[in-house]
Amino acid sequence: MYPIHRNRRLRSSESLRILLQETYLSHNDFIVPLFIIEGNNREEKIPSMPGYNRMSVDLLSKHVKNLWNLGLKAILLFVKISDNFKDNKGDEALNPDGLMQRAIKEIKNSVPEMIVMTDVALDPYSSYGHDGIVEEGKILNDETIDVLSKMALSHALCGADVVAPSDMMDGRILKIRKELESANLYDTVIMSYSAKYASSFYGPFRDALNSAPGFGDKKTYQMDFRNRKEAVIETKRDLEEGADIVMVKPGLAYLDIIRDLKEEINAPIAAYQVSGEYSMLKAASEKGWIDHDQIMIEQLLSFKRAGANLIASYFAEEIAKII
Ligand code: PBG
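What you see is a predicted model; the values in this text were computed from it and never measured.

**Q** Teacher, can you tell me more about the overall build of the protein here?
**A** Looking only at helices and strands, the protein features eleven helices and twelve strands. In terms of C-alpha radius of gyration, the protein reaches 20 Å, essentially the compact-globule figure of 20 Å for 323 residues. In terms of its C-alpha atoms, the protein occupies a principal-axis envelope of roughly 70 × 45 × 40 Å. When burial is assessed residue by residue, the protein has 53% of its 323 residues classed as buried. Working note: accessible area of the protein is about 15300 Å², and carbon and sulfur atoms make up 50% of it. Taking the average place of the 40 positive charges on the side chains of the protein and the average place of its 48 negative ones, the gap between the two points comes to 6 Å.

In structure tokens, the structure reads:
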């Protein structure tokens, strides 16, 4: 009771505050998403993601070396496929010489220590822009996970360390795990987007990959943002099926979910600070309305405070330079 207890005592100097700091950001916390395009020596700006570019495979090595030298240890690859390679079944996703496959090999050759994570979902390859195979306006589950398991295998065979299914079909983790085991790929890690919500925060990402759904939305497979308990159920099931790392996505609006998982499960938890979160901060700071770096740090720290072990973030490179 006051004046015996004065809460402000422990905040009275910066040294004391640092001594008592509970949460830290480190280079080891981050996963860097990268957008890859066809062509040579090509780098394209993404209008809705200021400061973030897509790049061709030949430019990757230099970029990834640079990230490694900054102390970053993991990248997460996404590909932008031209429309004439898209179909309903995502056949191009299985092309052993496809864009993703070439990118993985290129990076594992030039920076072998960098942990290469790959997106496993059909949307960049789908003529409908959906994460699965479409039939009569519905997204088929079991047919889709057949393709996804082969896609994950194809990435692992090229050297991917971590496959990251972001599709939210049921049973895909078990299917992928079995496929990897049967190919003796015992050490391939599965990072499951286990609690992924149907979110409007993904807009700029869909611009980046030209992958917006051609009809409808993703609410029959991604989770309803009005719900909380479902996240724990989904995540526990993915762990039973063989996931090694689980994920909550989007990030900042879902810190309660990160905390729920922290309390309910023991696996490493990743959080994805998604494109819309990035773009909002960029836009407001471009207008001079907020302090970019301070808000970036505050938001990223809050993921750690909520319980995330890893953070996929478009700010990874920027934050790595200032911590
Ligand atoms: C698709 C996928 C999406 C993101 C990652 N993987 C978009 C979606 O589900 O429509 C979003 C990432 C971001 O917004 O930064 N499988």
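Structure shown, so let's carry the discussion forward.
**Q** Sorry if this is basic, but what is going on with a positive patch on the surface here?
**A** A cluster of basic residues, Arg6, Arg8, Arg9 and Arg11, forms a positive patch at the surface. Within the fold, Arg6 resides in the segment before α1 (14-19).

**Q** Got a minute to help me understand the site of the ligand in this structure?
**A** The environment of the ligand is formed by 18 residues, the closest being Arg206, Lys218, Lys249, Ser275 and Tyr314. Separating an oxygen atom of the ligand from a side-chain N or O atom of Lys218 is a distance of 2.7 Å. In this structure, an oxygen atom belonging to the ligand sits 2.8 Å away from a side-chain N or O atom of Gln222. Within the complex, the protein chains bury 100% of what would otherwise be the 400 Å² of accessible surface of the ligand. Across the shell around the ligand, the residue classes break down as eight nonpolar, three polar and seven charged.

**Q** Is there a simple way to explain the environment of Leu60 in this structure?
**A** Looking at the element boundaries, Leu60 is found in helix α2 (residues 57-69). Leu60 sits 43 residues away from Ala103 along the chain, and the two C-alpha atoms are 7.7 Å apart. Among residues more than four places away in sequence, those in contact with Leu60 are Leu34, Ile36, Met55, Ala103 and Ile107.

**Q** Would you take a moment to explain the packing of aromatic side chains for this structure?
**A** Per the counting criterion, the structure on display carries 13 aromatic pairs. Ring centres of Tyr272 and Tyr314 lie 6.0 Å apart, and the angle between their planes is 45 degrees; on these two criteria the pair is classed as tilted. Here the residue Tyr272 occupies a position in strand β11 (residues 269-273), and Tyr314 occupies one in the loop between β12 (310-313) and α11 (316-322), the gap between them amounting to 42 residues. In this pair, the class of Tyr272 matches that of Tyr314, namely buried. Each residue in the set Phe35, Tyr52, Phe78, Tyr193, Phe205, Tyr272, Tyr278, Tyr314 and Phe315 is aromatic and connected to the rest through ring pairs, giving one cluster. Its guanidinium or amino end placed over the ring of Tyr202, Lys249 lies 4.8 Å from that ring's centre, counting from NZ or CZ.

**Q** Before we go on, may I ask you to explain the packing of helix α7 (residues 229-240) against helix α8 (residues 255-264) in this structure?
**A** Two numbers describe a pair of packed helices, the interaxial angle and the distance between the axes. Close contact between α7 and α8 brings their axes to 10 Å; oriented N to C, the two are set at 50 degrees. Looking at the two axes, α7 sits oblique to α8. Here α7 runs over α8; the crossing is right-handed. Of α8, the residues touching α7 (which contributes Ala231, Val232, Thr235 and Lys236) are Ile257, Asp260, Leu261 and Glu264. Looking at side-chain class alone, the contact of α7 with α8 contains four nonpolar, one polar and three charged residues.

**Q** What exactly am I supposed to notice about a nonpolar patch on the surface here?
**A** On the surface, a nonpolar cluster with roughly 330 Å² of combined accessible area is contributed by Leu10, Leu19 and Leu20. Note that Leu10 resides in the segment before α1. Classification of Leu10 by relative accessible area gives exposed; the value is 53%.

Cut-off values and rules
- Residue positions are counted from 1 within each chain, in the order its sequence is given.
- Per-residue local features of the predicted model are confined to residues with pLDDT of at least 70, and side-chain atom pairs are confined, for both listing and counting, to 80 or more; whole-chain, interface and lining totals are unaffected and use all residues.
- Derived side-chain values reflect all non-hydrogen atoms in the structure, with water molecules and hydrogen atoms excluded from consideration.
- By definition, any uninterrupted DSSP run of H or I lasting at least four residues is a helix, any uninterrupted run of E lasting at least two residues is a strand, and each is numbered from the N terminus.
- With the radius of gyration taken over C-alpha atoms, the globule rule is written as 2.2 Å times the number of residues to the power 0.38.
- Partly exposed describes any residue whose relative accessible area lies between the buried limit of under 20% and the exposed limit of over 50%, with all areas from a 1.4 Å probe on protein chains only and scaled to the type maximum.
- We get accessible surface area from the Shrake-Rupley algorithm with a probe of 1.4 Å; when it comes to residues, only the shown protein chains can shield them.
- Within this scheme the basic residues Lys and Arg register as positive and the acidic residues Asp and Glu register as negative, but His and the chain ends are omitted.
- To locate a charge, take NZ of a lysine, CZ of an arginine, CG of an aspartate or CD of a glutamate.
- Each patch is built from salt-bridge-free residues with over 30% relative accessible area, joining like charges within 9 Å and nonpolar side chains (Val, Leu, Ile, Met, Phe, Trp, Tyr) within 5 Å.
- Basic side-chain nitrogens of Lys or Arg form a salt bridge, by our definition, when they fall within 4 Å of a carboxyl oxygen of Asp or Glu.
- The nearness test applies per residue and asks whether one of its heavy atoms lies within 4 Å of the molecule or strand.
- Whenever two N or O atoms come within 3.5 Å, that pair is a polar contact, provided that in protein one can donate a hydrogen and the other can accept it, and provided that, for residues adjacent in sequence, both atoms are side-chain atoms.
- The nonpolar class holds Ala, Val, Leu, Ile, Met, Phe, Trp, Tyr, Cys and Pro. Asp, Glu, Lys and Arg form the charged class, and all remaining residues, Gly among them, are polar.
- A contact between two residues is defined here by any heavy atoms of the two lying within 4.5 Å.
- Pairing of aromatic rings covers Phe, Tyr and Trp, the last counted by its six-membered ring, and requires centre-to-centre distances within 6.5 Å; plane angles under 30 degrees mean stacked, over 60 mean edge-to-face, and any other angle means tilted.
- Lysine NZ or arginine CZ positioned within 6 Å of the ring centre and within 35 degrees of the ring normal marks a charge as sitting over the ring.
- For helices, the fitted line uses only the C-alpha atoms of the stretch in contact; every axis is such a line through C-alpha atoms, and the angle between N-to-C directions lies from 0 to 180 degrees.
- Should an angle fall under 35 degrees it is called roughly parallel, over 145 degrees roughly antiparallel, and 65 to 115 degrees roughly perpendicular, with every other angle called oblique.
- Two helices crossing with the near one rotated counterclockwise from the far one by less than a right angle form a left-handed crossing, whereas a clockwise rotation gives a right-handed crossing.

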